[in-house]
Amino acid sequence: MSISLRFRRHFWIFVFVCLSLWYAAASQTNSVTYLFLFVLLSIFVLSVPFTILNLSKLSVTVFSPAPVFCGENISCKLSVSSISPRHVLDFSIPSFAKIEPLFLAHLALSDSFNPRPVDLLFPSLRRGLFEVTSVEAVSSFPFGLLEAFRVFPISFSVLVYPTPVGTALLPPPVALGSTEFSSTSKSLGDDYSGSRPYMHGDRPRHIDWKAVARGLPLLTKQFSAGGGSRILLLSYYHPSLQSLDLEAKLSQLAKWIVLASATDYSYSLILPAKSI
């Protein structure tokens, strides 16, 4: 975690001023101008170690952010501490800087040893699971001519849900014993409630084959759905979603989940590869 330097825009203005002073002093043989130029260059040289020291012996701890919906700002919590007071520091996540300008977090550590919280915000531009591998601390103290930066390696992921939008109405609840529920009851993860003796007509997949292997008579597993007598089935294959593209379907399902969580019903999300 070495500290590096880079020039800021103000540095080139400073260079232009120094060259102008040097030209004026050389053309007019003005010792006062030479003295003023020497003072400016001395101040600049002495400011370099101060810029670097402002990032030395700095400790950063990152806490994984909570999931958000696409379009919302991701809030990344940092805890910053140092063994000595520090001037204003900027924090950002370099991997997101090329996507969109960040909301930089500013911090001045006036009290040594005491950790200070920092809330770093950056936009969620698309759904999915995103990995963050580093946080960058930047200091341009004291004059803003040079910028010292230090990259802290970290590792955390943030989950971005689809944007909850859509016009389709929330599907009505269905009874647990209905045909519609029975067609999906296996994928809903029903709870095992015990076994009973096998009866003719029981489905082979419900037979307790492990018990048969132990030499026991045929037993049929029983399951209880739980969660009340009615349930909301939020299905990817719902008729009202068939005319939508993939992103629109996921956004509509996200909105249904938000609406379903505000009701008193249990609900299940049915996707092509998995049901929850």
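Residues numbered from 1 in each chain as written. Predicted model: local features only at pLDDT ≥ 70, side-chain atom pairs only at ≥ 80, totals over all residues. Heavy atoms only, no water.

1. Description of the overall build of the protein
The test is simple: Every helix listed is a DSSP run of H or I at least four residues long, and every strand listed is a run of E at least two residues long, numbered separately from the N terminus. The contact criterion used throughout is that any non-hydrogen atoms of two residues lie within 4.5 Å. For accessible areas, the Shrake-Rupley method is used with a probe of radius 1.4 Å. Any residue's cover is judged against the shown protein chains and nothing else.
Assigned secondary structure in the protein consists of six helices and 14 strands. Within the protein, contacts between residues separated by at least 24 positions form 68% of all contacts whose residues are at least 6 apart in sequence. Roughly 16,700 Å² of accessible area belongs to the protein as shown, and the carbon and sulfur atoms make up 63% of that amount.

2. Examining unusual backbone geometry
Residues other than glycine predominantly adopt negative phi, and peptide bonds predominantly adopt the trans conformation. Put simply, the rule is: Each residue's exposure class comes from its accessible area (1.4 Å probe, protein chains only) as a fraction of the maximum for that residue type: buried when under 20%, exposed when over 50%, partly exposed otherwise.
Although it is not a glycine, Thr29 adopts a positive phi angle of roughly 50°. By the secondary structure assignment, Thr29 is in the loop between helix H1 (9-28) and helix H2 (31-53). On the basis of relative accessible area, Thr29 is assigned to the exposed category, the value being 68%.

3. Notes on the environment of Phe69
Tracing the backbone through its elements, the reader meets Phe69 in strand E3 (residues 68-69). A C-alpha to C-alpha distance of 9.8 Å links Phe69 and Ser251, two positions 182 residues apart in sequence. Non-local contacts of Phe69, meaning those with residues more than four positions away in its chain, are made with Ser124, Val160, Tyr161, Pro162, Pro164 and Val258.

4. Observations regarding a nonpolar patch on the surface
Rules: Exposure above 30% relative accessible area and the absence of a salt bridge qualify a residue for a patch, where like charges join within 9 Å and nonpolar side chains (Val, Leu, Ile, Met, Phe, Trp, Tyr) within 5 Å. Salt bridge, as used here: a side-chain nitrogen of Lys or Arg that lies within 4 Å of a carboxyl oxygen of Asp or Glu.
A cluster of nonpolar residues, Leu35, Phe38, Val39, Ile43 and Phe143, forms a patch on the protein surface that exposes about 500 Å² of accessible area. With respect to the element layout, Phe38 can be found in helix H2. A relative accessible area of 56% means that Phe38 is categorised as exposed.

5. Observations concerning the pattern of salt bridges
Using the criterion set out here, one finds three salt bridges in the structure. We note a salt bridge from Glu147 to Arg6, for which the minimum N-O separation is 2.6 Å. Here Arg6 lies in strand E1 (residues 3-7) and Glu147 lies in strand E9 (residues 146-161), a separation of 141 residues in the sequence. For Glu147, a relative accessible area of 17% puts it in the buried group. Owing to a relative accessible area of 30%, Arg6 belongs among the partly exposed residues under this scheme.

6. Quick look at the sheet that holds strand E7 (residues 116-123)
This is how the line gets drawn: Only strands that DSSP links by at least two bridges are regarded as paired with each other. Helix axes are fitted to C-alpha atoms over the stretch in contact, other axes to C-alpha atoms as well, and angles between N-to-C directions run from 0 to 180 degrees.
Within the open sheet, the three strands sit side by side as E2-E4-E7. Their pairing is antiparallel. Edge positions in the sheet fall to strand E2 (58-63) and E7, since each of these pairs with one other strand and no more. Pairwise comparison of adjacent strand axes, ignoring direction, gives a mean angle of 30° for this sheet. In the sheet, strand E4 (residues 73-82) pairs with E7 via eight bridges, with the strands oriented antiparallel. Residue pairing across strands places Leu78 opposite Val118, the latter belonging to E7.

7. Topic: the confidence of the model for the protein
The condition is simple: Think of pLDDT as the predictor's per-residue confidence, scored from 0 to 100.
For the protein, per-residue confidence averages 76 on the pLDDT scale, and residues scoring 70 or more make up 77% of the total. Counted against residues more than four places away or in other chains, residues 97-103, with its pLDDT under 50, gives twelve contacts. Contacts from residues 185-189, a stretch scored under 50 in pLDDT, to residues over four places away or in other chains number seven contacts.

8. Here we look at the pairing of E2
Burial of the side chains of E2 is restricted to one face: Leu58, Val60 and Val62 are buried, whereas none of Ser59, Thr61 and Phe63 on the reverse face is. Pairing analysis gives six bridges linking E2 to E4, with the strands arranged antiparallel. Considered in E4, the bridge of Thr61 is made with Ser79.

9. Considerations on the side chain of Thr51
Counted only if it meets this: Nitrogen and oxygen atoms within 3.5 Å of one another constitute a polar contact, given that in protein one can donate a hydrogen and the other can accept it, and given that sequence-neighbouring residues count only through two side-chain atoms.
For Thr51, the location among the structural elements is in helix H2. A residue is classified by how much of its surface remains accessible, and Thr51, at 3% relative accessible area, is buried. Polar side-chain contacts of Thr51 include one of 3.0 Å to the backbone oxygen of Ser47. Beyond its immediate sequence surroundings of up to four residues, Thr51 is in contact with Leu5, Ser139, Phe141, Pro142, Leu146 and Ala148.

10. Some points on the nonpolar core
Keep this limit in mind: Within this scheme, the nonpolar core is defined by two criteria: the residues are buried Ala, Val, Leu, Ile, Met, Phe, Trp, Tyr or Cys, and they are joined through side-chain atoms within 4.5 Å.
In terms of nonpolar packing, the biggest core is built from 25 residues, with Leu58, Val62, Cys76, Leu78, Val80 and Phe91 touching the most fellow members. Counting only elements with at least two residues in this core, the list comes to E2, E4, strand E5 (89-92), E7, strand E8 (128-139) and E9. Ranked by the residues each element gives to this core, the list is headed by E9, at six residues. Not counting chain neighbours up to four residues away, the residues in contact with Val62 comprise Cys76, Lys77, Leu78, Val135, Ile154 and Phe156. Of all hydrophobic cores here, the second largest spans nine residues; its members include Ala168, Leu241, Leu253 and Ala260.

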